[in-house]
Amino acid sequence: MAEKQEEPSNTQNGEPDNAEEGEEKKKKKLKREDLPPFEIVTGERLPAIFFKFQFRNVEYSSGRNKTFLCYVVETQGKESVTSRGYLEDEHAAAHAEMAFFNTILPKCESSLRYNITWYVSSSPCVTCADRITETLKKNKNLRLTIMVGRLFMWEDPEMQAALKKMKSAGCKLRIMKPQDFEYVWQNFVEQEEGEEAKAFVPWEDIQENFNYYEEKLAEILH
């Protein structure tokens, strides 16, 4: 069974380690009127420190209040085209899954077929799961596979029902295996400038936690 993860330092979570600075930042975050209503960080590669913390497949996701979504879009046709990148939640008002549908999906043509693969730090919330189901029902030219590091609120009946609807709509939901984390590391994580690409180093309980989540997902989707 997956072990409970210790609370991360602010530095691991991309926040100041100084208590005073952190408190000041919290106050600023509370002033929602000063924040744009929808802001998403995009790019081709995410910082290694974020990957190591946010994607770690622990059972209790303390401090992991963001979603990181790495995507691969394969266009089917005479000349197949592949595009990739990542999306990151910046504010609670925007989820990375919604950002994909609002910014990446409109670039897809209805006359072409697409195979889309997401590698996500955790499974979608109910609202995002419902949007995925709705999108797949409306766009028969899309094939979506979602690989997740962790299951989000998987014990909640409403969440379980939403995941089942995703499956019925044709979405393939899978738990990331150790080799999937390695794939993300190699293809979506920044390497130190001027250095050779570093090999992926699995954390101690990566296989055990995969087995745990795979069992829970099977119970939900049976």
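Anything mentioned here points back to the structure above.
As the structure is a computational prediction, the values presented were derived from the model and not from experiment. (Residues numbered from 1 in each chain as written. Predicted model: local features only at pLDDT ≥ 70, side-chain atom pairs only at ≥ 80, totals over all residues. Heavy atoms only, no water.)

### Concerning the nonpolar core
- Core analysis: the biggest nonpolar cluster contains 38 residues, and Phe100, Trp118, Ile132 and Ile146 have the highest contact counts within it.
- Elements supplying a minimum of two residues to this core: strand E2 (68–76), helix H3 (96–104), strand E4 (113–122), helix H4 (126–138), strand E5 (142–150), helix H5 (157–168), strand E6 (172–175) and helix H7 (206–221).
- If one sorts the elements of this core by residue count, H7 sits on top with 6 residues.
- The next biggest cluster of nonpolar side chains, apart from the first, holds 19 residues, and it includes Phe51, Phe181, Trp185 and Phe200. (Core = buried A, V, L, I, M, F, W, Y, C linked by side-chain atoms within 4.5 Å. Buried < 20%, exposed > 50% of the residue type's maximum accessible area, 1.4 Å probe, protein only. Helix = DSSP H or I, 4+ residues; strand = E, 2+ residues; numbered from the N terminus.)

### Digging into unusual backbone geometry
- You will see that Met153, though not glycine, has its phi angle at about 50 degrees, which is positive.
- With respect to the secondary-structure elements, Met153 resides in the loop between E5 and H5.

### Looking at the pairing of E2
- For E2, the buried fraction is high: 7 of the 9 residues fall into the buried class.
- In the sheet, E2 pairs with strand E3 (residues 81–89) via 8 bridges, with the strands oriented antiparallel. Counted as the bridge partner of Glu74 is Thr82 from E3.
- Here E2 runs beside E4; their pairing, made up of 8 bridges, is antiparallel. (Pairing = 2+ DSSP bridges.)

### Here we look at the pattern of salt bridges
- Applying the stated rule across the entire model yields 2 salt bridges.
- Between Lys138 and Glu134 there is a salt bridge whose closest N-O contact spans 3.1 Å. Of this pair, Lys138 and Glu134 both sit in helix H4, 4 residues apart, which is roughly one turn of the helix.
- Owing to a relative accessible area of 63%, Lys138 belongs among the exposed residues under this scheme. (Salt bridge = Lys/Arg side-chain N within 4 Å of Asp/Glu carboxyl O.)

### Points about empty space enclosed by the protein
- Under the counting rule described, the total for this entry stands at 1 cavity of 30 Å³ or more.
- Together, Phe100, Phe101, Ile116, Trp118, Thr135, Leu136, Leu142 and Leu144 line the largest cavity.
- Here the lining of the largest cavity is built from residues that sort into 7 nonpolar, 1 polar and no charged. (1 Å grid on protein atoms, 1.4 Å probe; cavity = no way out; pocket = protein on both sides within 12 Å on 5 of 7 lines; lining within 4 Å. Points joined across faces, edges and corners; volume = space filled by probe spheres on them. Nonpolar A, V, L, I, M, F, W, Y, C, P; charged D, E, K, R; others polar.)

### Let's talk about the state of the cysteines
- With the rule as written, the count across this model stands at 0 disulfides.
- This cysteine, Cys128, is not joined by any disulfide, and Cys125 carries the nearest cysteine sulfur, 3.7 Å off. (Disulfide = S-S within 2.5 Å.)

### Thoughts on the packing of aromatic side chains
- The full count for this structure, using the stated rule, is 17 aromatic pairs.
- Their ring planes at 15 degrees and their centres at 6.5 Å tell us that Phe68 and Tyr86 sit as a pair that is stacked. In this pair, Phe68 sits in strand E2 while Tyr86 sits in strand E3, placing the two residues 18 residues apart along the sequence.
- Owing to a relative accessible area of 1%, Phe68 belongs among the buried residues under this scheme.
- What makes Tyr86 buried here is its relative accessible area of 5%.
- Summarising the aromatic geometry, the rings of Phe200 and Trp203 are spaced 6.0 Å apart at their centres and angled 85 degrees between planes, so their arrangement reads as edge-to-face.
- Residue classification places Phe200 among the buried residues on the basis of a relative accessible area of 12%.
- Counting every residue linked through ring pairs, the aromatic cluster contains Phe51, Phe55, Phe181, Trp185, Phe200 and Trp203. (Phe/Tyr/Trp six-rings, centres within 6.5 Å; stacked < 30°, edge-to-face > 60°.)

### Details of a positive patch on the surface
- A surface patch of like charges, here positive, comprises Arg113, Lys137, Lys140, Arg143, Lys165, Lys167, Lys172 and Arg174.
- Looking at the positive patch, the elements with two or more residues in it are H5 and E6.
- Tracing the chain through its elements places Arg143 in strand E5. (Patch = residues over 30% accessible without salt bridge, like charges linked within 9 Å, V, L, I, M, F, W, Y side chains within 5 Å. Areas by Shrake-Rupley, 256 points an atom, 1.4 Å probe, with all protein chains shown as cover. Lys, Arg positive; Asp, Glu negative; His and termini not counted. Charge placed at Lys NZ, Arg CZ, Asp CG, Glu CD.)

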